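In case you want the letters, here they are:
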Amino acid sequence: MTASDDTGVPVPETPLDTWVRALATELGVDPAVVDVAGLLDVARDAAHGVARPATPLTTFLLGYAVATGTVGLDEAMRRTSALAAGWQERSAALGGTGA
């Protein structure tokens, strides 16, 4: 989490920033390692590429994979977004209904 814009100018903390910092602290996670923008991008990709209910499950599985050390955060986010982006076509090819 950062509290500055692209130019390094400090910006006020949003309610989301406050929530993430509080939750990270409550769960014993360093708030500095939380890539809010990246995780929101992955959540958006899951919601739009798969289905809205996939969002919390996707972010849980991504976090679990990172926590267990099977993949790093950046790679997990990249792979998750890529899978979600192609999910409609993949699901249709497998005989599913997509979203």
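Rules of the game
- Residues numbered from 1 in each chain as written.
- Predicted model: local features only at pLDDT ≥ 70, side-chain atom pairs only at ≥ 80, totals over all residues.
- Heavy atoms only, no water.
- Axes fitted to C-alpha atoms, helices over the stretch in contact; angles between N-to-C directions.
- Helix = DSSP H or I, 4+ residues; strand = E, 2+ residues; numbered from the N terminus.
- Parallel < 35°, antiparallel > 145°, perpendicular 65-115°, else oblique.
- Left-handed = near helix turned anticlockwise from the far one by under 90°.
- Contact = heavy atoms within 4.5 Å.
- Nonpolar A, V, L, I, M, F, W, Y, C, P; charged D, E, K, R; others polar.
- UniProt positions renumbered as here; feature names shortened; annotations may be inferred.

As recorded by an unreviewed UniProt entry, the protein chain carries the name DUF6457 domain-containing protein and is attributed to Cellulomonas cellasea.

J.: Please explain the packing of helix 2 (residues 36-49) against helix 3 (residues 54-68) as it appears in this structure.
T.: Packed helices, taken two at a time, are described by their axes: the angle between them and the distance between them. Between helix 2 and helix 3, the least distance of the axes is 8 Å, while the angle of their chain directions is 135°. Here helix 3 runs oblique to helix 2, going by the angle between their axes. Relative to helix 3, helix 2 is oriented so that their crossing is right-handed. Where helix 2 abuts helix 3, its residues Leu39, Val42, Ala43, Ala46 and Ala47 lie against Ala54, Thr55, Thr58, Thr59 and Leu62. Of the residues assigned to the contact of helix 2 with helix 3, the class counts are 7 nonpolar, 3 polar and no charged.

J.: I tried to follow the side chain of Ser81 on my own but got confused; where do I start?
T.: If you trace the backbone, Ser81 turns up in helix 4 (residues 73-85). Those residues in contact with Ser81 that lie beyond four places of it in its chain are Val42 and Asp45.

J.: Would you mind showing me how to read the UniProt feature "domain: DUF6457" (unreviewed entry) in the protein chain here?
T.: Here the UniProt-annotated "domain: DUF6457" (unreviewed entry) positions come out as residues 13-91. Spanning residues 13-91, this segment combines 75% helix with 0% strand, and its end C-alpha atoms are found 40 Å apart.

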